Amino acid sequence: DQVGLEQRGNVVSDNIKLDMIALGYAYNSRDFLIATASLESNLTSPVRYFLLCSAIELALKSIHLNCLESEQVQKFGHNLLVAYNNLPSDQQMLTADELNSVSKANEKYSNKGSTGGFAYFNALDAANQYVSYPDIKWLTSAANKLVELAESLATITFDTPKGRLSVNPSRHIVKGLK
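Student: Any chance you could explain the side chain of Q91 here in plain terms?
Tutor: Among the secondary structure elements, Q91 is positioned in the loop between α4 (80-85) and α5 (96-109). Once residues lying within four places of it in the same chain are set aside, the contact partners of Q91 are I63, L149 and L153.

Student: Before we go on, may I ask you to explain the packing of aromatic side chains in this structure?
Tutor: Aromatic ring pairs are defined here through the distance separating the ring centres and the angle between the ring planes. Taken as a whole and judged by the stated rule, the model has five aromatic pairs. Between F50 and Y109 the ring centres are 6.4 Å apart and the planes differ by 50°, which places this aromatic pair in the tilted class. With F50 in helix α2 (residues 46-64) and Y109 in helix α5, this residue pair connects regions lying 59 residues apart in the sequence. Where F118 meets Y133, the ring centres are 5.1 Å apart and the plane angle is 80°; that geometry is what we call edge-to-face. Separated by 15 residues along the polypeptide, F118 in the loop between α6 (112-115) and α7 (123-127) and Y133 in the loop between α7 and α8 (136-153) bring together distant segments of the chain.

Student: Got a minute to help me understand the pattern of salt bridges in this structure?
Tutor: Where charged atoms from two side chains of opposite charge come close, those side chains can pair. Taken as a whole and judged by the stated rule, the model has four salt bridges. With its nearest N and O atoms 2.9 Å apart, the salt bridge here joins E151 to R30. Here E151, found in helix α8, pairs with R30, found in helix α1 (residues 21-38); they are 121 residues apart in sequence, far enough to count as distant. With a relative accessible area of 15%, E151 lands in the buried category. Under the relative-accessibility criterion, R30 is labelled partly exposed at 23%. Residues K61 and E57 are paired through a salt bridge, measuring 2.8 Å at the closest nitrogen-oxygen approach.

Student: Looking at this structure, I do not really get the packing of α1 against α8. What am I missing?
Tutor: A pair of packed helices is characterised by two quantities: the angle between their axes and the separation of those axes. At their nearest, the axes of α1 and α8 sit 9 Å apart, and the two run at 150° to each other. Judged by the angle between their axes, α1 and α8 are roughly antiparallel. Pair α1 / α8 crosses with left-handed handedness. Residues A26, S29, R30 and L33 of α1 touch α8, and the partners they reach there are A143, N144, V147, E148, A150 and E151.

Student: Honestly, unusual backbone geometry in this entry has me stumped. Any pointers?
Tutor: The general pattern is negative phi for most residues beyond glycine and trans for most peptide bonds. Positive phi is not limited to glycine here, since Q129 has a value of about 55°. In this structure, Q129 sits in the loop between α7 and α8. According to the relative accessible area criterion, Q129 is exposed, its value standing at 68%.

Student: What is the right way to look at the pairing of strand β4 (residues 156-160) in this model?
Tutor: Regular strands place side chains that alternate from one sheet face to the opposite one. When β4 meets strand β5 (residues 163-168), the two strands line up antiparallel, connected through five bridges. Following the sheet pairing, T157 is matched in β5 by S166. The loop that links β4 with its antiparallel partner β5 comprises two residues.

Rules used throughout
Residues numbered from 1 in each chain as written. Predicted model: local features only at pLDDT ≥ 70, side-chain atom pairs only at ≥ 80, totals over all residues. Heavy atoms only, no water. Helix = DSSP H or I, 4+ residues; strand = E, 2+ residues; numbered from the N terminus. Contact = heavy atoms within 4.5 Å. Phe/Tyr/Trp six-rings, centres within 6.5 Å; stacked < 30°, edge-to-face > 60°. Salt bridge = Lys/Arg side-chain N within 4 Å of Asp/Glu carboxyl O. Buried < 20%, exposed > 50% of the residue type's maximum accessible area, 1.4 Å probe, protein only. Axes fitted to C-alpha atoms, helices over the stretch in contact; angles between N-to-C directions. Parallel < 35°, antiparallel > 145°, perpendicular 65-115°, else oblique. Left-handed = near helix turned anticlockwise from the far one by under 90°. Pairing = 2+ DSSP bridges.

Quick look at the structure:
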């Protein structure tokens, strides 16, 4: 069998397609959380917000990839609120405080291409003592919830000539191919 790498994490051969995108996004979102926790400064830092928003973005995309095609998920772009609001209602579990923090962070993060979002130092934000930034405690809480949900749902899917097999490594669940 000839094995090749399709776009964004699908491994394909003549007989099997292995879809790892949702799992990869879930694991990468966890890595962003770990990186955030490793920052020991008590000072307000846009880097923490950038890492948390990146964790939230990848977790949301991972969750969506369990029921949507990659092209549909990519239409959300970097907009955390659009991605969150398009989750099934039973997966929208953030509290009002958490959702407010995501909404406030999204104002900067979703425009990161044009304004730099949280990726770059902004002297005006610093001079204003970061008053436009959301409460880091609630943003961290939202990120933790969404990353945990993404990890619990993420699967590796094998499409074979005999059918589809889905494996959730986090929960050791195997479905399909009876």
